[in-house]
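Residue strings, one per chain:
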Amino acid sequence: MTTPTPTDNNIVWHQATVSRQDRATLRGHGSVILWFTGLSGSGKSTMANGVNGELHRRGVAGYVLDGDNVRHGLCRDLGFTDADRVENIRRIGEVAKLFLDAGIITLTAFVSPFQTDRDRARSLVPPGDFLEIYCAADLATCEQRDPKGLYANARAGRIKHFTGLDSPYEPPRSPELVIRTGDLSLQEGIDQVLNALEQRRLIPSLPA
């Protein structure tokens, strides 16, 4: 357990005048964290942005927290050691929690290789507010795609602590959704996520 600092005793959570339910009523949809996880090259960012594009077309407020984008600012001080990866995901979990309260469907696209870190992010929010989505593509498929040339650089020794090669990835034990991005088309994967949101009544279903 973290030892409280002297300032912790003087910090009290401020209850906002406008509630999460107020924002949901105004927008006409719920909010949730969609936590996309998988190896580099498994399609997390592509899938998250594709889903967000469909949400936008339906008039649903969504926002993608992308791994690379976050490391340009909020997490620019972190490297890729195991300890830094843990802190990276801790920060993202806290940010996603704030977006959730703001009434926004929050899509996070991070390798987030460790189950304990994903579980910790889940524990920050009430049950049902965190959907773990496993973008399942095997290492060979991801390495063949290698959209950013990361695997090639890692194989050449230019990148250390690369997940899937010299740093472990722990597949989700019981994700809410598994998208086999190595086999499905992008649209098929997007439809899986949208159907899950509709079934949970987080977004309105399209007219038949």
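Definitions and limits used
Residues numbered from 1 in each chain as written. Predicted model: local features only at pLDDT ≥ 70, side-chain atom pairs only at ≥ 80, totals over all residues. Heavy atoms only, no water. UniProt positions renumbered as here; feature names shortened; annotations may be inferred. Contact = heavy atoms within 4.5 Å. Helix = DSSP H or I, 4+ residues; strand = E, 2+ residues; numbered from the N terminus. Buried < 20%, exposed > 50% of the residue type's maximum accessible area, 1.4 Å probe, protein only. Pairing = 2+ DSSP bridges. Salt bridge = Lys/Arg side-chain N within 4 Å of Asp/Glu carboxyl O. Expected span 1.5 Å × (residues − 1). Core = buried A, V, L, I, M, F, W, Y, C linked by side-chain atoms within 4.5 Å. Phe/Tyr/Trp six-rings, centres within 6.5 Å; stacked < 30°, edge-to-face > 60°. Lys NZ or Arg CZ within 6 Å of the ring centre and 35° of its normal.

Trainee: Teacher, can you tell me more about the UniProt feature "binding site: ATP" (unreviewed entry) in the chain here?
Mentor: Those residues carrying the UniProt feature "binding site: ATP" (unreviewed entry) are G38, L39, S40, G41, S42, G43, K44 and S45 in this numbering. Setting aside chain neighbours within four positions, we find L39 in contact with K44, A137, D138, L139, C142, Y151, T163, G164 and Y169. With respect to the secondary-structure elements, G41 resides in the loop between β1 (33-37) and α2 (44-57). Once residues within four sequence positions are removed from consideration, G41 is found in contact with C142, R145 and P147.

Trainee: In this structure, what is going on with the pairing of strand β3 (residues 105-109)? I would like to understand it.
Mentor: Each regular strand carries side chains that alternate between the two faces of the sheet. β3 sits mainly inside the fold: 5 of its 5 residues count as buried. Residues I105, L107 and A109 line one face of β3 and the alternating positions T106 and T108 line the opposite face, and both faces are buried. As paired elements, β1 and β3 share 4 bridges and run parallel to each other. For L34, the partnering residue across the bridge sits in β3 and is L107. Bridging between strand β2 (residues 62-66) and β3 involves 5 bridges; their strand directions are parallel. Its bridge partner being in β3, Y63 is matched across the sheet by T106.

Trainee: Before we go on, may I ask you to explain the environment of L55 in this structure?
Mentor: Here L55 is to be found in helix α2. Remark: the alpha-carbon pair of L55 and A96, spanning 41 residues in sequence, is separated by 17 Å.

Trainee: Explanation requested: the pattern of salt bridges in the structure shown.
Mentor: Opposite charge on two side chains allows them to pair when their charged atoms are near. Evaluation of the coordinates by the stated rule reveals 14 salt bridges. In this structure, E87 engages R91 in a salt bridge whose closest nitrogen and oxygen atoms are separated by 2.8 Å. Of the two residues, E87 and R91 both sit in helix α4 (residues 82-101), 4 residues apart, roughly one turn of that helix. Exposure remark for E87: the relative accessible area of 22% places this residue in the partly exposed category. Members of the salt-bridge network, linked through shared partners, are D77, E87, R90 and R91.

Trainee: How do you make sense of α4 when you look at a structure like this?
Mentor: Spacing of three or four residues puts side chains on the same side of an α-helix, whose turn is 3.6 residues. The first and last C-alpha atoms of α4 sit 29 Å apart over 20 residues, in line with the 28 Å expected at 1.5 Å per residue. Those residues of α4 that fall on the buried side of the exposure criterion are R85, N88, I89, R91, I92, G93, A96 and L100. Two residues or fewer past α4, G103 is found with a positive phi of approximately 85 degrees.

Trainee: What is the right way to read the UniProt feature "domain: APS kinase" (unreviewed entry) in the chain from this model?
Mentor: With numbering aligned to this structure, UniProt lists the feature "domain: APS kinase" (unreviewed entry) at residues 31-179. The distance from the first to the last C-alpha atom of residues 31-179 is 21 Å, and the span holds 40% helix and 16% strand.

Trainee: Quick question: what am I supposed to make of the nonpolar core here?
Mentor: A general tendency of soluble globular proteins is for nonpolar side chains to be buried together. Core analysis: the biggest nonpolar cluster contains 24 residues, and L34, F36, L55, I105, L107, V193 and L197 have the highest contact counts within it. Counting only elements with at least two residues in this core, the list comes to β1, α2, β3, β4 (130-135), β5 (177-179) and α8 (186-199). Here this core gets 5 residues from one element, more than from any other, and that element is α8. Counting 14 residues, the second largest nonpolar core, distinct from the first, contains I33, L65, V70 and I89.

Trainee: I keep staring at the packing of aromatic side chains and nothing clicks. Help me out?
Mentor: Each pair of aromatic rings is reported with the distance of its centres and the angle of its planes. Under the counting rule described, the total for this entry stands at 5 aromatic pairs. When the ring of Y134 is compared with that of Y169, the centres are 6.3 Å apart and the planes differ by 25 degrees; the resulting orientation is stacked. Linking Y134 in strand β4 with Y169 in the loop between α7 (150-155) and β5, this pair joins segments that are 35 residues apart in sequence. Overall, Y134 belongs to the buried group, its relative accessible area being 17%. With a relative accessible area of 15%, Y169 lands in the buried category. Through a chain of ring-to-ring contacts, three or more aromatic side chains come together here, namely W35, F110 and F130. Note that R71 overlies the ring of F80, its terminal NZ or CZ placed 3.9 Å from the centroid.

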